[in-house]
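Per-entry structural report
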Amino acid sequence: MARALAGAPQQFEFWGLRANGEVFPKEVRLFPSTFRGQHVIISLARDTTESKRAEAELRLLREAIEQAVETVTGYSREEAVGKNTRLLNSGQQSAEFYRELWNTLHSGHTWHGSLVNRRKDGSFYSEEESISPVFDDQGRIANYVAVKRDVSARLHLED
């Protein structure tokens, strides 16, 4: 409170108590102001229950995806983040195959197909993939998202 009165806005997390006795997380912001010539503090509080729940769900989703990727490819998050997808290139597809894939994506369309990739240990695995561009607010491609399915076991059974 003293810092806010001294002119420095403050922000912190705190616990609130609902009328039914339930404790909930809230974000509190304190702003110095004046009212009728007196120095006062304006306090704004926001219930963060839903945002905390959403953050936890996103964290679980991220962890599940990272674990799945490591299980399939053998690469940990630390080894894969920021790396080019060529890290998985098996040499089983031609340069023309990759040109067509990237031409599809760069034109703003989704690519669907199958390919063979290479795990960290050098073994191969077969995937069915759907890769889509992700657009920013200006309509430019900002990233890509891929949904992949390891079909190695199914192909082995078919053989």
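For the structure itself, look to the data block above.
The structure contained in this document is the topic of the report that follows.

Here is what the cut-offs are and how they apply
- Note that residues are indexed from 1 along each chain, following the sequence as it is written.
- In view of the model being predicted, local features appear only for residues whose pLDDT reaches at least 70, and side-chain atom pairs are presented and counted only at 80 or more, with totals across whole chains, interfaces and linings using the full set of residues.
- No hydrogens and no water enter the side-chain calculation; it runs on all heavy atoms of the structure.
- Put simply, a salt bridge is a Lys or Arg side-chain nitrogen that is within 4 Å of an Asp or Glu carboxyl oxygen.
- Secondary structure elements are taken from DSSP: a helix is a run of H or I of four residues or more, a strand is a run of E of two residues or more, and numbering for both begins at the N terminus.
- Only protein chains enter the accessibility calculation, which uses a 1.4 Å probe; a residue is then buried when its area is under 20% of its type maximum, exposed when over 50%, and partly exposed in between.
- The pairing criterion is simple: DSSP has to find at least two bridges between the two strands.
- To define axes, lines are fitted to C-alpha atoms, for helices over the stretch in contact only, and angles between the resulting N-to-C directions are given on a 0 to 180 degree scale.
- We call two residues in contact when some of their heavy atoms are within 4.5 Å.
- Here, the term nonpolar core denotes a set of buried Ala, Val, Leu, Ile, Met, Phe, Trp, Tyr and Cys residues that are joined through side-chain atoms within 4.5 Å.
- Residues enter patches when their relative accessible area tops 30% and they take part in no salt bridge; the joining distance is 9 Å for like charges and 5 Å for the nonpolar side chains Val, Leu, Ile, Met, Phe, Trp and Tyr.
- For every accessible area listed, the method is Shrake-Rupley and the probe measures 1.4 Å; residues are considered covered only by the protein chains on display.

The next subject is the pattern of salt bridges. Using the criterion set out here, one finds 17 salt bridges in the structure. Lys 52 is the partner of Glu 13 in a salt bridge, and the nearest nitrogen-oxygen pair spans 3.0 Å. Of the two residues, Glu 13 is situated in strand β1 (residues 10-17) and Lys 52 in helix α2 (residues 49-73); the sequence distance between them amounts to 39 residues. For Lys 52, a relative accessible area of 29% gives the class partly exposed. For Glu 50, the salt bridge is made with Arg 53, and the minimal N-O distance between the two is 2.4 Å.

Take the sheet that holds strand β2 (residues 23-35) next. Strand order in the open sheet formed by three strands is β1-β2-β3, with antiparallel pairing between adjacent strands. Single-partner strands in this sheet number two, and they are β1 and β3 (38-47). Here the average twist between neighbouring strands, direction ignored, is 35°. The pairing of β2 with β3 spans ten bridges and is antiparallel. Across the sheet, residue Phe 35 finds its bridge partner in β3, namely Gln 38. On top of the sheet, α2 reaches β1, β2 and β3; it is set at about 130° to β2, its chief contact.

What follows covers the nonpolar core. A general feature of soluble globular proteins is that nonpolar side chains tend to end up buried together. One finds Leu 101, Leu 105, Trp 111, Leu 115 and Ile 131 forming the largest nonpolar core, which totals five residues. Only α4 (95-106) and β4 (111-118) provide two or more residues apiece to this core.

Let's shift gears to the sheet that holds β4. Spatially, the three strands line up as an open sheet ordered β4-β5-β6, and their pairing is antiparallel. The sheet terminates laterally at β4 and β6 (141-150), the two strands that pair on one side only. Neighbour to neighbour, the strand axes of the sheet diverge by 35° on average, direction disregarded. As judged from the nine bridges shared by strand β5 (residues 124-135) and β6, these two strands associate in the antiparallel manner. Bridging from a neighbouring strand, Ser 132 pairs with Val 145 of β6. Relative to β4, α4 is tilted by about 135°, and along the sheet it contacts β4, β5 and β6.

Time to look at unusual backbone geometry. Residues apart from glycine generally show negative phi values, whereas peptide bonds are mostly found in trans. Of note, Arg 36 is a non-glycine position whose phi angle comes to about 55°, a positive value. Counting through the fold element by element, Arg 36 comes out in the loop between β2 and β3.

Turning our attention to a nonpolar patch on the surface. Where nonpolar side chains cluster on the molecular surface, the patch consists of Leu 58, Leu 61, Ile 65 and Val 69 and spans about 370 Å² of accessible area. The residue Leu 58 is located in helix α2 in this model. For Leu 58, a relative accessible area of 57% gives the class exposed.

Attention now moves to the pairing of β5. Bridging between β4 and β5 involves eight bridges; their strand directions are antiparallel. By the bridge assignment, Trp 111 is partnered in β5 with Ile 131. Where β4 folds back onto β5 in an antiparallel hairpin, the turn is made up of five residues, including Gly 122, whose phi is positive at roughly 95°. Here β5 hands over to β6 after five residues, with Gly 139 in that stretch at a positive phi of 85°.

Just geometry here; none of it tells us what the structure is for.
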